[in-house]
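Listed below, chain by chain, are the residues.
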Number of protein chains: 2
Amino acid sequence: MATQEQNRQFRLAARPVGLPKRSDWDLTSEAIPEPGEGQVLVRITYISLDPAMRGWMNDARSYAPPVQIGAVMRAYAAGHVVKSRHPDFKEGDCVVGVLGVQEYAVVDGKHLTKVDPNVVPLSAYVSVLGMTGMTAYFGLLDVGKPEPGQTVVVSGAAGAVGMLVGQIAKIKGCRVVGIAGGEAKCRYIVEELGFDAAIDYKLGPISTTLRELCPKGIDVYFDNVGGDILDACLAQLAMHARVVICGAISQYNSTERVKGPSNYMMLLVMRARMEGFLVMDYASRSAEAAREMAGWVREGKLKWRDDIVEGFETFPETFNTLFEGGNTGKLILKVGDGR
Amino acid sequence: MATQEQNRQFRLAARPVGLPKRSDWDLTSEAIPEPGEGQVLVRITYISLDPAMRGWMNDARSYAPPVQIGAVMRAYAAGHVVKSRHPDFKEGDCVVGVLGVQEYAVVDGKHLTKVDPNVVPLSAYVSVLGMTGMTAYFGLLDVGKPEPGQTVVVSGAAGAVGMLVGQIAKIKGCRVVGIAGGEAKCRYIVEELGFDAAIDYKLGPISTTLRELCPKGIDVYFDNVGGDILDACLAQLAMHARVVICGAISQYNSTERVKGPSNYMMLLVMRARMEGFLVMDYASRSAEAAREMAGWVREGKLKWRDDIVEGFETFPETFNTLFEGGNTGKLILKVGDGR
């Protein structure tokens, strides 16, 4: 590694109001750091762009501390070990972890996970076999608890988590309705992924279509979006339904107060529950889940789609496409030459 | 029974907009009906006045069909058997059931429950040992699942259900904070009922006080009120908290859209759940619960307070006091001479 090589980083410059602006970020450059004892230097190849990152930018009580102003933006990423001072890792190993929006990261070996790029491509370890896949798996199965023959509705259905949720629900024998924005996404989840039906929320209020497509009500609603869609789904719950709160992307850039679900009293009417979860709580079971997910991938039962955008410097604009319905599948920023 | 005796009834005249008006009710009178085979004629003594009744007046999808225009208003009540054509009941028996807002009811024996006025007064069978008590018992214990040492917060804490919830939580070894309106109610639940603390929501926003009184967060929030108080409690949830949705009295007369809980994403942050329930689902276990509750009453661990208003004809005004914070404890309408 030539000493003149630099590590570029996106740092949080200001707390965004609404959709992040270019000026909320600082693109900085510093010398590539040296790993200390027990640490590993990773060259980052794929940065996972997740709606949750928007929450980490706010100075608010949440499950993770806010990213501080001036700090490198937090992100999951995958890359290759360049230099290791940890016995479990050697140069060339493929790894994933919370590496940040940067080109190189020094991280304690205990916070890294080694992955095998012969099973799926490296990028898939921040998608179907990464946090995204685990989020779909545990959120649907552990919190939603779908049973064969039940009706599962998922919003953000053409997004990274949503498309996996729908397919896992199909594997489990459920009837699956996806809610997505635009005809192309709706066609994709039905024709390519095998959802039973799709609702294009961009065509207007979804309640009537939702009622027609879920004549026995919704047993599991997996919510990635919040807002009016959450309300419409609450109104159609079946008895003892489960509402899985995974995200609320419609609200993350709101400059007004979050829109709470007006129809929450349907939880009482239908003796239903609404429950939030965080994938990090399932860390101890992620190997088990990854094995099952990998099996479904091998058998062709579980498809995934990575929406890979090249160019580290495009991060601010690429990140924002998440909130503009720009991506189909997992949005990933590719860094460097992608080796 | 003299043939000239009449049965007065309050019938729903119109669907109310907001707080029910006198003109939403018809006071009618008809001959006392005769029981058919398998039926029982009951002279009603105590009519249970419950916030849930407001919901039954709306033409909306709910857990029970709406009361039809022109029909006798639905209500739980307790009374005495006047004439029985059912083998399980005889004249003079004390009974409870869904008898309606009227002075006499003819009802199938299978829908009646016999009660013993030597254990507690008859009125208590529509309160601490009735649906009210069962609501508190199953909602707190079965849905809320409090554990010793945990913090339980209950709103409507000086109301019929709330005051029992708080006391049961104390019996179970919890720290209990009640939210009620006005100094007298707050003093009552702490000094008379043994709550650890009370918050008077009429003094202004409760968030600061709530945080001070629940330094480790709220493990179980039993919600009777909805609105801003639900939001304030969501903001203070502890990890893996349970929010029990029992009612939303602040919203029942709203002429605007129900105010959904803006802070519902705290369910995700704290991996918490919000769940509704209906006491009627626990019918098969109510004897067990009533036995345990009666035991606590005998041991002096569980106090209750019935707010008994006399005069059948006062029903419209008395019912409305529920929504005006007028009652402390269980609001009951006493009919006739109360024998």
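Rules behind the numbers
The written sequence of each chain sets the order in which its residues are numbered from 1. Each chain takes a letter, starting from A, and each ligand takes a number, starting from 1, following the order in which they are written. Under the rules for a predicted model, residues below a pLDDT of 70 receive no local features and side-chain atom pairs below 80 are neither given nor counted, while totals for whole chains, interfaces and linings still include all residues. Only hydrogens and water are removed before side-chain values are computed, so all heavy atoms of the structure are retained for them. The contact criterion used throughout is that any non-hydrogen atoms of two residues lie within 4.5 Å. The buried area of a pairing is the accessible area, by a 1.4 Å probe, that goes missing from both parts when the two are put together, added over both. For this analysis, a salt bridge means a side-chain nitrogen from Lys or Arg found within 4 Å of a carboxyl oxygen belonging to Asp or Glu. Under this definition, polar contacts are N or O atom pairs within 3.5 Å; protein pairs additionally need one hydrogen-donor-capable and one acceptor-capable atom, and for neighbouring residues in sequence, both atoms have to be side-chain atoms. Secondary structure elements follow DSSP: runs of H or I of four or more residues count as helices, runs of E of two or more count as strands, with numbering from the N terminus. Strand pairing requires that DSSP identify at least two bridges connecting the strands. A helix is expected to span 1.5 Å for every residue after the first. Only protein chains enter the accessibility calculation, which uses a 1.4 Å probe. A residue is then buried if its area is under 20% of the maximum for its type, exposed if over 50%, and partly exposed in between. Superposing copies: least-squares fit, C-alpha atoms only, residues required to have pLDDT of at least 70 in both. Note on ring pairs: Phe, Tyr and Trp rings are taken, using the six-membered ring of Trp, and paired if centres are within 6.5 Å. Classes follow the plane angle, with under 30 degrees stacked, over 60 edge-to-face and the rest tilted. As a rule, the C-alpha atoms of each element are fitted with a line to give its axis, helices using only the stretch in contact, and angles between N-to-C directions run from 0 to 180 degrees. To define a nonpolar core, start from buried Ala, Val, Leu, Ile, Met, Phe, Trp, Tyr and Cys residues and group those joined through side-chain atoms within 4.5 Å. Convention used here: angles under 35 degrees read as roughly parallel, angles over 145 as roughly antiparallel, angles from 65 to 115 as roughly perpendicular, and any remaining angle as oblique. Three classes are used: nonpolar for Ala, Val, Leu, Ile, Met, Phe, Trp, Tyr, Cys and Pro, charged for Asp, Glu, Lys and Arg, and polar for all others, with Gly counted as polar. You can read pLDDT as the predictor saying how much it trusts each residue, on a scale of 0 to 100. By definition, the crossover connecting two strands over a helix is right-handed if that path, from the first strand to the second, turns clockwise as seen with the strands pointing away from the viewer.

**A look at the interface of chain B and chain A**
In step 1: Counting residues at the interface gives 40 residues for chain B and 40 residues for chain A.
In step 2: If you sort the residues of chain B by the area they bury against chain A, R61, Y264 and R271 of chain B come out on top, with a joint share of 23%.
In step 3: Here chain B and chain A share 4 salt bridges between them.
In step 4: Its salt-bridge partner being R257 of chain B, residue D231 of chain A comes within 3.4 Å of it at the nearest N-O pair.
In step 5: Where chain B touches chain A, the interface holds 13 residue pairs in polar contact (both at pLDDT 80 or more).
In step 6: Sorting the residues of the side of chain B that touches chain A by element identifies α6 (227-234), β12 (237-245), α7 (266-269) and β13 (273-276) of chain B as the ones contributing at least two each.
In step 7: Pairing between strand β13 (residues 273-276) of chain A and β13 of chain B: 3 bridges, direction antiparallel. Across the sheet, M274 of chain A pairs through a bridge with M274 of chain B, a residue of β13 of chain B.

**Some details on helix α3 (residues 160-171) of chain B**
All names here are of chain B.
In step 1: With 12 residues, α3 extends 17 Å between its outermost C-alpha atoms, agreeing within 8% with the 16 Å of an ideal straight helix rising 1.5 Å per residue.
In step 2: Within α3, 10 of the 12 residues are buried, which leaves it mostly tucked inside the rest of the structure.
In step 3: Two residues or fewer past α3, G173 is found with a positive phi of approximately 85 degrees.

**A closer look at the relation of the copies chain B and chain A**
In summary, the two copies of the chain are related to each other by a rotation about an axis coupled with a shift along it.
In step 1: Of the two same-sequence chains, chain B is brought onto chain A (RMSD 0.0 Å, axial shift 0.0 Å) by a rotation of 180 degrees. Each copy turns onto its partner about a two-fold axis. The position closest to the rotation axis in chain B is occupied by the C-alpha of G260 of chain B, lying 2.1 Å away.
In step 2: Taken together, the interface assignments show that 100% of the residues at the interface of chain B recur at the interface of chain A, consistent with an identical surface on both copies.

**Here we look at the packing of aromatic side chains**
Residues and elements named next belong to chain B.
In step 1: Here the structure, examined in full by the defined rule, presents 22 aromatic pairs over all chains.
In step 2: A ring pair is formed by Y137 and W296, whose centres lie 6.1 Å apart and whose planes are at 40 degrees; its orientation type is tilted. Pair noted here: Y137 is in helix α2 (residues 131-144) and W296 is in helix α8 (residues 286-298), with a separation of 159 residues, a long-range link.
In step 3: In this structure Y137 comes out as buried when scored by relative accessible area, which is 6%.
In step 4: What makes W296 buried here is its relative accessible area of 6%.
In step 5: Here the aromatic rings of F319 and F323 are separated by 5.3 Å at their centres, their planes lie at 80 degrees, and the arrangement is edge-to-face.
In step 6: Judged by its relative accessible area of 0%, F319 is buried.

**Some points on the sheet that holds β13 of chain B**
In step 1: Pairing within the open sheet is mixed, and its 12 strands lie in the order β10(A)-β9(A)-β8(A)-β11(A)-β12(A)-β13(A)-β13(B)-β12(B)-β11(B)-β8(B)-β9(B)-β10(B). The open sheet terminates on both sides in strands that have one partner only, identified here as β10 (197-200) of chain A together with β10 (197-200) of chain B. Averaged over all pairs of adjacent strands, the angle between their axes in this sheet comes to 15 degrees, without regard to strand direction.
In step 2: Inspection of the sheet shows strand β8 (residues 151-155) of chain B paired to strand β9 (residues 175-180) of chain B by 5 bridges, in the parallel sense. Across the sheet, V154 of chain B pairs through a bridge with G178 of chain B, a residue of β9 of chain B.
In step 3: Contacts from α3 of chain B reach β8, β9 and β11 (218-223) of chain B, with the element oriented near 170 degrees to β8 of chain B.
In step 4: Each of β9 and β10 of chain B is contacted by helix α4 (residues 183-192) of chain B, which is oriented at about 170 degrees to β10 of chain B, the strand it contacts most.

**Describing the nonpolar core**
In step 1: Counting residues in each nonpolar core, the largest one holds 97 residues, and the members touching the most others are I47 and F315 of chain B.
In step 2: Excluding its chain neighbours within four sequence positions, the residues that come into contact with I47 of chain B are A75, Y76, A77, G100, V101, Q102, F312, L331, I332, L333 and V335 of chain B.
In step 3: One finds V120, V143, V161 and I168 of chain A within the second-largest nonpolar core, a separate group that totals 51 residues.

**Notes on the packing of helix α2 (residues 131-144) of chain A against helix α8 (residues 286-298) of chain A**
All names here are of chain A.
In step 1: Following both chains from N to C, one finds α2 and α8 inclined at 100 degrees, their axes separated by 10 Å at the closest point. The angle between α2 and α8 falls in the class roughly perpendicular. The segment α2 lies against α8, with G133, M134, Y137 and F138 engaging S286, E288, A289, A290, E292, M293 and W296.
In step 2: Of the residues in the contact of α2 with α8, the class split is 7 nonpolar, 2 polar and 2 charged.

**Some points on the confidence of the model for chain A**
In step 1: Averaged over every residue, the pLDDT of chain A is 95; the share at 70 or more is 98%.
In step 2: The ipTM, which scores confidence in the relative placement of chains, is 0.93 for this predicted complex, and the corresponding pTM is 0.94.

**What about unusual backbone geometry?**
In step 1: Although it is not a glycine, K145 of chain A sits at a positive phi angle of roughly 45 degrees.
In step 2: Mapped onto the elements of the fold, K145 of chain A is located in the loop between α2 and β8 (151-155).
In step 3: Unusually for a residue other than glycine, H240 of chain B sits at a positive phi of about 60 degrees.
In step 4: With respect to the helices and strands, H240 of chain B occurs in strand β12.
In step 5: On the basis of relative accessible area, H240 of chain B is assigned to the partly exposed category, the value being 47%.

**Digging into the environment of G162 of chain B**
Residue and element names in this part refer to chain B.
In step 1: Residue placement: G162 occurs in helix α3.
In step 2: You can call G162 buried: its relative accessible area is 1%.
In step 3: Expressed as a C-alpha distance, the spacing of G162 and K330, which sit 168 residues apart in the sequence, is 9.8 Å.
In step 4: If we ignore the near neighbours within four places in the chain, the residues touching G162 are V154, S155, G156, A157, F195 and N224.

**A look at the environment of L331 of chain B**
In step 1: Relative to the elements of secondary structure, L331 of chain B occurs in strand β15 (residues 330-334).
In step 2: Not counting chain neighbours up to four residues away, the residues in contact with L331 of chain B comprise I47, S48, L49, D307, V309, T318, T321 and L322 of chain B.

**A closer look at the side chain of N7 of chain A**
In step 1: One can find N7 of chain A in strand β1 (residues 6-12).
In step 2: When sequence neighbours within four positions are dropped, the list of residues in contact with N7 of chain A reads T28, S29, E30, A31, I32, P33, Q102, E103 and Y104 of chain A.

**A few points about the pairing of β8 of chain B**
Residues and elements named next belong to chain B.
In step 1: Among the 5 residues that make up β8, 5 are buried, leaving the element largely enclosed by the rest of the structure.
In step 2: Taking the sense of rotation as the criterion, the β-α-β connection linking β8, α3 and β9 turns out right-handed.
In step 3: Note that β8 and β11 share 3 bridges and pair parallel. When the sheet's bridge partners are listed, V152 is paired in β11 with V220.

**Details of the pattern of salt bridges**
Residue and element names in this part refer to chain A.
In step 1: Per the stated rule, a full pass over the model turns up 42 salt bridges over all chains.
In step 2: Between K170 and D196 there is a salt bridge; the shortest N-O distance is 2.9 Å. With K170 in helix α3 (residues 160-171) and D196 in the loop between α4 (183-192) and β10, this pair connects stretches of sequence that are 26 residues apart.
In step 3: Given a relative accessible area of 29%, K170 falls into the partly exposed group.

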